[in-house]
Amino acid sequence: MIKSNVLNMVMLALCLASPAAAPVTNEMVFGGQTWRTKNSTTPIAPGPNWWSNSSQSVWLDDEGMHLSITRRDGKWYATEVFTQKALGYGTYTFVIDGAIDRYDPHVVAGFFTWDTRPAESNREIDIEFAAWGIADSARGQYVVQPYTQADRLMQFNLALQGTYTTHRIVWTPAGISFSSWHGNVAPSDPLSDANLIATWDYHGVVPSEGNARFRINLWLFNGKAPADGRDVHLTVKSFSFVAWE
(Lines give C-alpha, C1' and ligand atoms only; values in the text may rest on other atoms or scores of the structure.)
Protein backbone atom coordinates (compact mmCIF):
# COMPACT_ATOMS: atom_id res chain seq x y z
CA MET A 1 0.00 0.00 0.00
CA ILE A 2 2.85 2.41 0.85
CA LYS A 3 4.56 1.71 -2.50
CA SER A 4 1.28 2.26 -4.33
CA ASN A 5 0.70 5.62 -2.61
CA VAL A 6 4.25 6.76 -3.40
CA LEU A 7 3.79 5.81 -7.07
CA ASN A 8 0.51 7.72 -7.27
CA MET A 9 2.14 10.79 -5.72
CA VAL A 10 5.01 10.63 -8.25
CA MET A 11 2.62 10.34 -11.19
CA LEU A 12 0.56 13.26 -9.87
CA ALA A 13 3.68 15.40 -9.50
CA LEU A 14 4.73 14.63 -13.09
CA CYS A 15 1.32 15.57 -14.41
CA LEU A 16 1.36 18.87 -12.53
CA ALA A 17 4.88 19.65 -13.71
CA SER A 18 4.24 18.90 -17.40
CA PRO A 19 2.40 21.59 -19.39
CA ALA A 20 -0.58 20.44 -21.42
CA ALA A 21 0.27 19.72 -25.03
CA ALA A 22 -0.73 22.55 -27.36
CA PRO A 23 -3.64 21.67 -29.67
CA VAL A 24 -2.52 20.67 -33.15
CA THR A 25 -4.19 20.60 -36.55
CA ASN A 26 -3.53 17.21 -38.10
CA GLU A 27 -6.14 17.23 -40.87
CA MET A 28 -8.65 19.63 -42.42
CA VAL A 29 -11.38 19.02 -44.98
CA PHE A 30 -11.49 21.94 -47.39
CA GLY A 31 -12.30 22.45 -51.06
CA GLY A 32 -13.32 18.83 -51.56
CA GLN A 33 -9.99 17.53 -50.23
CA THR A 34 -8.58 16.29 -46.95
CA TRP A 35 -5.42 18.23 -46.12
CA ARG A 36 -2.66 17.11 -43.80
CA THR A 37 -0.13 19.34 -42.06
CA LYS A 38 3.66 19.38 -41.85
CA ASN A 39 5.65 19.62 -38.63
CA SER A 40 9.26 19.10 -37.63
CA THR A 41 11.44 18.96 -34.53
CA THR A 42 14.47 20.38 -36.37
CA PRO A 43 14.87 22.86 -39.25
CA ILE A 44 14.24 21.09 -42.58
CA ALA A 45 13.72 22.05 -46.22
CA PRO A 46 12.65 24.28 -47.70
CA GLY A 47 14.51 27.07 -46.01
CA PRO A 48 15.51 25.28 -43.82
CA ASN A 49 12.66 26.12 -41.46
CA TRP A 50 11.02 24.87 -38.33
CA TRP A 51 7.53 23.63 -39.28
CA SER A 52 4.51 23.76 -37.01
CA ASN A 53 1.09 22.13 -37.08
CA SER A 54 -0.01 23.93 -33.93
CA SER A 55 -3.55 25.24 -34.16
CA GLN A 56 -1.97 28.64 -33.46
CA SER A 57 -0.10 28.34 -36.76
CA VAL A 58 -2.44 26.54 -39.17
CA TRP A 59 -6.21 26.23 -38.89
CA LEU A 60 -9.57 26.13 -40.66
CA ASP A 61 -12.56 28.37 -40.01
CA ASP A 62 -15.42 30.05 -41.85
CA GLU A 63 -12.96 32.41 -43.56
CA GLY A 64 -10.94 29.60 -45.13
CA MET A 65 -7.74 27.65 -44.56
CA HIS A 66 -5.12 29.69 -42.72
CA LEU A 67 -1.34 29.38 -42.90
CA SER A 68 1.13 31.53 -41.01
CA ILE A 69 4.72 32.20 -40.06
CA THR A 70 4.83 32.75 -36.30
CA ARG A 71 7.46 33.29 -33.62
CA ARG A 72 7.22 31.22 -30.45
CA ASP A 73 9.82 30.42 -27.82
CA GLY A 74 12.51 32.21 -29.80
CA LYS A 75 11.90 30.24 -33.03
CA TRP A 76 10.12 31.14 -36.25
CA TYR A 77 7.72 28.45 -37.46
CA ALA A 78 6.59 28.02 -41.07
CA THR A 79 3.49 26.08 -42.20
CA GLU A 80 2.59 23.69 -44.99
CA VAL A 81 -0.48 21.67 -45.92
CA PHE A 82 -0.85 18.94 -48.52
CA THR A 83 -3.66 16.85 -49.94
CA GLN A 84 -4.13 13.42 -48.42
CA LYS A 85 -4.37 11.80 -51.83
CA ALA A 86 -2.48 12.25 -55.07
CA LEU A 87 -4.40 14.36 -57.59
CA GLY A 88 -2.29 14.41 -60.77
CA TYR A 89 -3.55 15.73 -64.12
CA GLY A 90 -6.36 18.23 -63.91
CA THR A 91 -7.34 21.82 -63.16
CA TYR A 92 -6.31 23.37 -59.85
CA THR A 93 -8.03 26.65 -58.96
CA PHE A 94 -7.59 28.58 -55.75
CA VAL A 95 -8.38 32.02 -54.33
CA ILE A 96 -6.13 33.53 -51.68
CA ASP A 97 -6.28 36.54 -49.38
CA GLY A 98 -2.78 37.78 -48.64
CA ALA A 99 -0.58 40.81 -49.29
CA ILE A 100 1.80 38.69 -51.36
CA ASP A 101 3.25 41.78 -53.02
CA ARG A 102 4.12 43.33 -49.65
CA TYR A 103 5.47 40.40 -47.68
CA ASP A 104 8.89 40.65 -46.05
CA PRO A 105 11.67 39.90 -48.63
CA HIS A 106 12.38 36.54 -46.97
CA VAL A 107 8.78 35.29 -47.06
CA VAL A 108 7.82 32.72 -49.71
CA ALA A 109 4.25 31.67 -50.50
CA GLY A 110 4.15 28.48 -52.57
CA PHE A 111 1.38 26.54 -54.31
CA PHE A 112 2.62 23.40 -56.02
CA THR A 113 2.44 19.73 -56.89
CA TRP A 114 5.01 17.44 -55.29
CA ASP A 115 5.82 13.74 -55.44
CA THR A 116 8.04 12.46 -52.62
CA ARG A 117 9.77 10.25 -55.18
CA PRO A 118 12.61 12.17 -56.87
CA ALA A 119 11.87 11.13 -60.46
CA GLU A 120 11.06 14.00 -62.85
CA SER A 121 12.20 16.62 -60.31
CA ASN A 122 9.58 15.34 -57.86
CA ARG A 123 6.92 16.28 -60.45
CA GLU A 124 7.01 19.78 -59.00
CA ILE A 125 4.88 22.43 -60.70
CA ASP A 126 4.83 25.79 -58.88
CA ILE A 127 3.14 29.10 -58.50
CA GLU A 128 5.33 31.07 -56.08
CA PHE A 129 5.40 34.58 -54.68
CA ALA A 130 8.67 35.83 -53.20
CA ALA A 131 11.47 38.39 -53.32
CA TRP A 132 14.09 35.72 -52.46
CA GLY A 133 15.74 37.96 -49.89
CA ILE A 134 16.05 41.07 -52.10
CA ALA A 135 14.13 44.11 -50.86
CA ASP A 136 11.51 45.68 -53.14
CA SER A 137 11.69 42.90 -55.70
CA ALA A 138 8.60 40.80 -55.01
CA ARG A 139 7.77 38.64 -58.00
CA GLY A 140 5.37 35.97 -59.00
CA GLN A 141 6.69 32.98 -60.88
CA TYR A 142 5.40 29.93 -62.70
CA VAL A 143 7.77 26.96 -62.71
CA VAL A 144 7.94 23.45 -64.10
CA GLN A 145 10.98 22.14 -62.24
CA PRO A 146 13.92 22.22 -62.62
CA TYR A 147 13.87 26.02 -62.59
CA THR A 148 17.52 26.15 -63.73
CA GLN A 149 16.34 25.54 -67.31
CA ALA A 150 15.25 28.91 -68.71
CA ASP A 151 12.29 27.54 -70.65
CA ARG A 152 10.79 26.13 -67.45
CA LEU A 153 10.33 29.41 -65.55
CA MET A 154 8.33 32.57 -66.17
CA GLN A 155 8.42 35.49 -63.74
CA PHE A 156 5.99 38.41 -63.58
CA ASN A 157 5.58 41.65 -61.65
CA LEU A 158 3.13 42.01 -58.81
CA ALA A 159 1.07 45.18 -58.57
CA LEU A 160 -2.02 43.94 -56.81
CA GLN A 161 -5.40 45.62 -56.58
CA GLY A 162 -6.13 44.59 -53.02
CA THR A 163 -5.24 41.35 -51.23
CA TYR A 164 -7.50 38.88 -53.05
CA THR A 165 -6.11 36.96 -56.03
CA THR A 166 -7.25 33.94 -58.05
CA HIS A 167 -4.86 31.39 -59.57
CA ARG A 168 -5.13 28.35 -61.83
CA ILE A 169 -2.89 25.51 -62.98
CA VAL A 170 -4.10 23.23 -65.77
CA TRP A 171 -1.88 20.14 -65.99
CA THR A 172 -2.42 17.65 -68.84
CA PRO A 173 -0.15 15.23 -70.70
CA ALA A 174 0.07 17.76 -73.57
CA GLY A 175 1.11 20.82 -71.55
CA ILE A 176 0.70 23.00 -68.48
CA SER A 177 -0.94 26.41 -68.33
CA PHE A 178 -0.76 28.95 -65.51
CA SER A 179 -2.93 32.02 -64.89
CA SER A 180 -3.42 34.62 -62.14
CA TRP A 181 -6.08 37.30 -61.69
CA HIS A 182 -6.77 40.24 -59.41
CA GLY A 183 -9.64 39.61 -57.03
CA ASN A 184 -11.93 36.64 -56.53
CA VAL A 185 -12.99 35.77 -60.08
CA ALA A 186 -14.44 32.88 -62.06
CA PRO A 187 -11.67 32.08 -64.59
CA SER A 188 -14.18 30.68 -67.09
CA ASP A 189 -16.05 34.01 -67.18
CA PRO A 190 -14.85 36.15 -70.13
CA LEU A 191 -15.19 39.22 -67.91
CA SER A 192 -12.30 37.89 -65.79
CA ASP A 193 -9.90 38.80 -68.64
CA ALA A 194 -9.97 42.41 -67.43
CA ASN A 195 -8.46 41.27 -64.13
CA LEU A 196 -5.68 39.12 -65.59
CA ILE A 197 -2.28 39.55 -63.89
CA ALA A 198 -0.28 36.99 -65.86
CA THR A 199 -0.61 33.81 -67.92
CA TRP A 200 1.85 31.30 -69.35
CA ASP A 201 1.58 28.13 -71.42
CA TYR A 202 4.34 25.56 -71.04
CA HIS A 203 4.77 23.03 -73.86
CA GLY A 204 8.09 21.45 -72.93
CA VAL A 205 8.56 18.01 -71.38
CA VAL A 206 5.55 17.49 -69.12
CA PRO A 207 6.00 15.42 -65.95
CA SER A 208 3.86 12.32 -65.60
CA GLU A 209 1.26 12.15 -62.82
CA GLY A 210 3.16 9.79 -60.54
CA ASN A 211 2.02 10.23 -56.96
CA ALA A 212 1.95 14.04 -56.90
CA ARG A 213 -0.11 15.73 -54.22
CA PHE A 214 -0.95 19.42 -54.08
CA ARG A 215 0.79 21.48 -51.41
CA ILE A 216 0.59 25.02 -50.07
CA ASN A 217 3.27 26.52 -47.87
CA LEU A 218 4.37 29.76 -46.25
CA TRP A 219 8.04 29.84 -45.27
CA LEU A 220 11.24 31.84 -44.81
CA PHE A 221 13.93 31.90 -47.50
CA ASN A 222 17.21 30.68 -46.01
CA GLY A 223 15.34 30.45 -42.70
CA LYS A 224 15.87 34.19 -42.07
CA ALA A 225 13.40 35.96 -39.82
CA PRO A 226 11.20 38.79 -41.12
CA ALA A 227 13.08 42.07 -40.73
CA ASP A 228 10.11 43.75 -39.03
CA GLY A 229 9.72 40.89 -36.55
CA ARG A 230 6.04 40.48 -37.37
CA ASP A 231 4.08 37.29 -37.94
CA VAL A 232 2.88 36.58 -41.49
CA HIS A 233 -0.55 35.31 -42.48
CA LEU A 234 -2.19 33.86 -45.60
CA THR A 235 -5.77 32.68 -46.07
CA VAL A 236 -6.82 30.25 -48.79
CA LYS A 237 -10.40 31.30 -49.43
CA SER A 238 -11.29 28.46 -51.82
CA PHE A 239 -9.76 25.51 -53.62
CA SER A 240 -11.06 23.22 -56.32
CA PHE A 241 -9.65 20.36 -58.35
CA VAL A 242 -11.20 18.90 -61.49
CA ALA A 243 -9.50 15.74 -62.76
CA TRP A 244 -8.39 15.63 -66.40
CA GLU A 245 -10.41 13.35 -68.65
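Everything below is about the structure printed above this text.
Treat the numbers as computed from the prediction; the structure is a model and nothing was measured.

Caption draft 1: Molecular detail of the pairing of strand β12 (residues 164–172). Note that strand β7 (residues 90–97) and β12 share eight bridges and pair antiparallel. Looking at β12, one finds that Thr91 is bridged to Val170. The pairing of β12 with strand β13 (residues 175–182) spans eight bridges and is classified as antiparallel. Of the residues in β13, the one forming a bridge with Thr166 is Trp181. Hairpin connection between β12 and β13: a loop of two residues separates the two successive antiparallel strands.

Caption draft 2: Up close: the environment of Ser57. Tracing the sequence through the fold places Ser57 in the loop between β3 (50–51) and β4 (59–61). Residues Ser57 and Thr172 lie 115 residues apart in sequence; the distance between their C-alpha atoms is 34 Å. Dropping the residues within four chain positions of it, Ser57 is found in contact with Ser52, His66, Leu67, Ser68, Thr70, Arg72 and Thr79. Among the polar contacts made by the side chain of Ser57, one reaches the side chain of Ser52 at a distance of 3.3 Å.

Caption draft 3: Representation of the packing of aromatic side chains in the model. Counted under the stated rule, the structure contains 17 aromatic pairs. Where Trp200 meets Tyr202, the ring centres are 5.9 Å apart and the plane angle is 55°; that geometry is what we call tilted. Of the two residues, Trp200 and Tyr202, both sit in the buried class. If you follow Lys38 out to its NZ or CZ, it ends over the ring of Trp51, 4.1 Å from the centre.

Caption draft 4: Looking closely at the layout of surface pockets. The computed volume of the largest pocket comes to approximately 400 Å³. Forming the boundary of the largest pocket are 19 residues, of which Pro46, Glu124, Asp126, Glu128 and Trp219 lie nearest the centre. Mapped by element, the contributors of at least two residues to the lining of the largest pocket are β8 (107–114), β9 (125–130), β11 (153–157) and β15 (213–220). Grouping the amino acids of the lining of the largest pocket by side-chain chemistry returns eight nonpolar, five polar and six charged. Per-class residue counts for the lining of the second largest pocket are four nonpolar, six polar and three charged.

Caption draft 5: Quick peek at the side chain of Ser179. In this fold, Ser179 is placed in strand β13. With a relative accessible area of 13%, Ser179 lands in the buried category. One polar contact links Ser179 to Thr199, side chain to side chain, over a distance of 3.1 Å. For Ser179, the contacting residues outside a window of four places in its chain are Tyr142, Thr166, His167, Arg168, Ala198 and Thr199.

Calculation notes
- Residues numbered from 1 in each chain as written.
- Predicted model: local features only at pLDDT ≥ 70, side-chain atom pairs only at ≥ 80, totals over all residues.
- Heavy atoms only, no water.
- Pairing = 2+ DSSP bridges.
- Helix = DSSP H or I, 4+ residues; strand = E, 2+ residues; numbered from the N terminus.
- Contact = heavy atoms within 4.5 Å.
- Polar contact = N/O pair within 3.5 Å; in protein donor to acceptor, adjacent residues only side chain to side chain.
- Phe/Tyr/Trp six-rings, centres within 6.5 Å; stacked < 30°, edge-to-face > 60°.
- Buried < 20%, exposed > 50% of the residue type's maximum accessible area, 1.4 Å probe, protein only.
- Lys NZ or Arg CZ within 6 Å of the ring centre and 35° of its normal.
- 1 Å grid on protein atoms, 1.4 Å probe; cavity = no way out; pocket = protein on both sides within 12 Å on 5 of 7 lines; lining within 4 Å.
- Points joined across faces, edges and corners; volume = space filled by probe spheres on them.
- Nonpolar A, V, L, I, M, F, W, Y, C, P; charged D, E, K, R; others polar.

None of the figures reported here should be taken as evidence of function without further support.
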